[in-house]
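Observations on the three-dimensional arrangement
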Amino acid sequence: MTRLTGSALRLTVFIGENDTWHHKPLYSEIVHRAHAAGLAGASVFRGIEGFGASSLIHTSRLLSLSEDLPVAIVVVDTEERVRAFLPQLDELVDDGLVILDDCEVIRYAGRENGSDKTDMKGKSSL
């Protein structure tokens, strides 16, 4: 179980939902590489509207011609571990924005294997 508290570094990668790496979603490749690198965790957030360097507005509103919605991948870990991961992003991200922010982790604790007594619907089996 990974525990992380105190000073940390937040890595946020902004890309398009349709960006790919070897025919699979780029956000998925980034998350899987972060996992393989042993980083504390990663989450992907899908935006409903945004624009970037191209100045094209991408939106989820009906009747919109754009479906390439913005996606943010957020990773938080120690500065050393996040910075060690950056060369992989250099390989993966051609068009996008990568930012780093200092942050403070108040509490981060994963579940121990087998200690969660809930079923798939969140109901306690105790």
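Read on for an overview of the structure. (Residues numbered from 1 in each chain as written. Predicted model: local features only at pLDDT ≥ 70, side-chain atom pairs only at ≥ 80, totals over all residues. Heavy atoms only, no water.)

1. Examining the overall build of the protein chain
Filter applied, for reference: The secondary structure listing takes helices from DSSP runs of H or I that are at least 4 residues long and strands from runs of E that are at least 2 residues long, numbered from the N terminus. Exposed residues in this analysis have more than 50% of their type's maximum accessible area, buried residues have under 20%, and partly exposed residues fall in between, with area computed by a 1.4 Å probe over protein chains only. Should any heavy atoms of two residues lie within 4.5 Å, those residues are considered in contact.
When you go through the protein chain residue by residue, the secondary structure sums to two helices and eight strands. When the helices and strands of the protein chain are placed in sequence order, the string is β-β-β-α-β-β-β-β-α-β. The 126 residues of the protein chain split such that 26% are buried. Pairs at least 24 residues apart make up 74% of the contacts formed inside the protein chain by residues separated by at least 6 positions.

2. Some thoughts on the layout of surface pockets
Applicable threshold: Grid points spaced at 1 Å over the protein atoms alone were grouped into cavities, where a 1.4 Å probe fits but cannot get out, and pockets, open sets with protein on both sides within 12 Å along at least five of seven lines, with lining residues defined by an atom within 4 Å of a point. Grid points are joined across faces, edges and corners, and a volume is the space filled by probe spheres set on the points.
Taken as a whole, the largest pocket spans an internal volume of roughly 450 Å³. Lining the largest pocket are 20 residues, and of these Phe14, Ile15, Gly16, Phe51 and Gly52 sit closest to its centre. Every element with two or more residues in the lining of the largest pocket is listed here: β1 (6-16) and β7 (70-77).

3. Description of the packing of helix α1 (residues 26-36) against helix α2 (residues 79-92)
Test applied: Only the contacting stretch of a helix is used when fitting its axis, a line to C-alpha atoms as for every element, and angles between N-to-C directions run 0 to 180 degrees. Small angles under 35 degrees read as roughly parallel and large ones over 145 as roughly antiparallel, with 65 to 115 read as roughly perpendicular and the rest as oblique. For any pair of crossing helices, the crossing counts as left-handed if the nearer helix is rotated counterclockwise from the farther one by less than a right angle, and right-handed if it is rotated clockwise. Gly is placed with the polar residues, together with every amino acid not listed as nonpolar (Ala, Val, Leu, Ile, Met, Phe, Trp, Tyr, Cys and Pro) or charged (Asp, Glu, Lys and Arg).
At a closest axis distance of 11 Å, the pairing of α1 and α2 adopts a crossing angle of 160°. Comparing their axes, α2 and α1 come out roughly antiparallel. Viewed along their axes, α1 and α2 form a crossing whose handedness is right-handed. Contacts between α1 and α2 involve Leu26, Glu29, Ile30, Arg33 and Ala34 on the former and, on the latter, Phe85, Gln88, Leu89, Glu91 and Leu92. A class-by-class count of the residues in the contact of α1 with α2 yields six nonpolar, one polar and three charged.

Nothing here speaks to function; it is geometry throughout.
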